[in-house]
Amino acid sequence: MTSTVEAGQRLYVSLGDSYATGLGPNGTGESFAQIVARQSGLGLVNVACNGATSADLLSSQACEAEASDRTQVDVTVDTLRTGQVDLVTMVIGSNDLLEPCAVAQDPAECAMSAMTDTRVNIATALTRFREVAPDVRIVGVGYPDVFLGAWVNPSLPNGEDLARTSVTLYEDFNSEIAAEYAKFGAKFIDVTSSTGGYGALTELTEDPKYGQIPVSVAEVCTLTYICEDTDVHPTPAGHQAIADAITAAGR
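Counting from 1, residues in each chain are numbered in the order their sequence is written. Only residues with pLDDT of 70 or above have their local features reported here, since the model is predicted, and side-chain atom pairs are shown and tallied only from 80 upward, although totals for entire chains, interfaces and linings are computed over all residues. Side-chain metrics in this entry use all non-hydrogen atoms of the structure; hydrogen atoms and water are not considered.

Some words on the sheet that holds strand β5 (residues 85-91)
Two modes of strand pairing occur in sheets, parallel and antiparallel, and in both the strands are linked by backbone hydrogen bonds. Strand pairing requires that DSSP identify at least two bridges connecting the strands. Helix and strand definitions follow DSSP, with helices as H or I runs of at least four residues and strands as E runs of at least two, each counted in order from the N terminus. Ordered in space as β4-β1-β5-β6-β7, the five strands form an open sheet in which the pairing is parallel. Pairing within the sheet leaves two strands with one partner each, and these edge strands are β4 (43-46) and β7 (187-189). Strand-to-strand twist across the sheet, computed as the mean angle between neighbouring axes with direction ignored, equals 20°. Set on the sheet, helix α4 (residues 72-80) makes contact with β1 (11-16), β4 and β5; between it and β1 the angle comes to about 165°. With axes taken as lines fitted to C-alpha atoms, and helix axes fitted only over the stretch in contact, angles between N-to-C directions fall between 0 and 180 degrees. By definition in these notes, contact holds between two residues if any of their heavy atoms fall within 4.5 Å.

A closer look at the nonpolar core
We call a set of buried residues a nonpolar core when its members are Ala, Val, Leu, Ile, Met, Phe, Trp, Tyr or Cys and they connect through side-chain atoms within 4.5 Å of each other. Only protein chains enter the calculation, and the probe is 1.4 Å; a residue is then buried if its accessible area is under 20% of its type maximum, exposed if over 50%, and partly exposed in between. Counting residues in each nonpolar core, the largest one holds 82 residues, and the members touching the most others are Y12, F32, M90, F129 and Y181. Apart from residues no more than four positions distant in its own chain, F32 is found in contact with Y12, Y19, A20, T89, V91, H239, I242, A243 and I246.

Quick look at the state of the cysteines
Whenever a pair of cysteine sulfur atoms sits within 2.5 Å, that pair is classed as a disulfide. Tallied over the full model, the rule gives two disulfides. Two residues share a disulfide in this structure: C49 and C63, whose sulfurs sit 2.2 Å from each other. Looking down the S-S bond of the C49 and C63 bridge, the torsion is 115°, so its handedness is right-handed. Here C49, found in the loop between β4 and α3 (56-59), pairs with C63, found in the loop between α3 and α4; they are 14 residues apart in sequence, far enough to count as distant. In this structure C49 comes out as buried when scored by relative accessible area, which is 9%.

Comments concerning the packing of aromatic side chains
To pair, rings of Phe, Tyr and Trp, with the six-membered ring standing in for Trp, must have centres within 6.5 Å; the planes then decide the type, stacked if under 30 degrees apart, edge-to-face if over 60, and tilted in the middle. Tallied over the entire structure, the rule returns three aromatic pairs. Summarising the aromatic geometry, the rings of Y19 and Y143 are spaced 5.0 Å apart at their centres and angled 75° between planes, so their arrangement reads as edge-to-face. Of this pair, Y19 sits in helix α1 (residues 18-21) while Y143 sits in the loop between β6 (137-141) and α7 (159-183); the two residues are 124 residues apart in sequence, bridging distant segments of the chain. Y143 shares its class with Y19; the two are buried. Here Y181 and F188 contribute two aromatic rings whose centre-to-centre distance is 5.6 Å and whose plane-to-plane angle is 25°, an arrangement assigned as stacked. For Y181, a relative accessible area of 1% gives the class buried.

Notes on the pairing of β5
By the criterion of burial, β5 is predominantly enclosed, with six of the seven residues buried. Two strands pair when backbone bridges link them, and β1 and β5 are joined in this way by six bridges, in the parallel orientation. Bridging across to β5, S14 finds its partner in T89. Note that β5 and β6 share five bridges and pair parallel. Note that in β6 the partner of V91 across the bridge is V141.

In C-alpha cells, the structure reads:
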C-alpha cells in the first residue's frame, strides 16, 4: 500500500488485511482507511496486506513502500515512536476464520480453534504498541458476516444451514476478540452488529434480485460482494459504513 502523508501532518496507521487495502473483485479501490484519513485530515500510513492473517502481522513483511524487511507490527511500532500518531486501526482475523471454517465439518469448532490463535496474535501486537504509545487511540475493526451470503449464493456450501450457524459463530468470535482489545484500552467495532448481522433470520424483506430474504442477508448483499460475486470484500457502501463506525467510535 502507498502511504499518503504531508510534512508535519498527524498520522493514522492502518494495519491488517485486504479490507484495509480496498481490494475487491474489480481490483483495488478506496478502502475505509482512506475514507477515515480523508475525513479526519490525518496522513495515512497503510501497511495492510492482501490475504494477511493475524500471524502475518508479526512474521511477514508489511505491504508499504518503505517497509524494507519490517512486519506490519514493526512499521507500526516505529511510526508510533515518532509521537505523531493519533489513530491506529487493525482489521484482522477474517483470513484466520473464513478459509478453513467455511468448509469445515464443524464450523463452530473450527472458529473456536481459530479464535485462540487470533487472540494471542492480537495481544502480542497490542502489547508492543502500548509499550511505546500507552495512550494512542487504537481501534480494532471486525467484519460483516459474509457467511450469510450462503442463503442466496449457491456457490457457497451448506446454504441456509451455514448462514444460520454463522450468526452464533460471529457473535462468539467477535465477543472474544473484543475482550482482547479491551484489555489494552482499545476499542473494538463489531461490524457484524453495526451491519445488522445478528438480526433474526425470520425477519424478512423483499429484495429486487433474490425475492423474500432475511433482512440481515439483504444487508450483507449490499455491503459486500459475497452474494453476487462470491467475494468477501466490502462494496463502496460497505467501506463507508466501516469508516463511519470508526469515526463514531472516536466521539
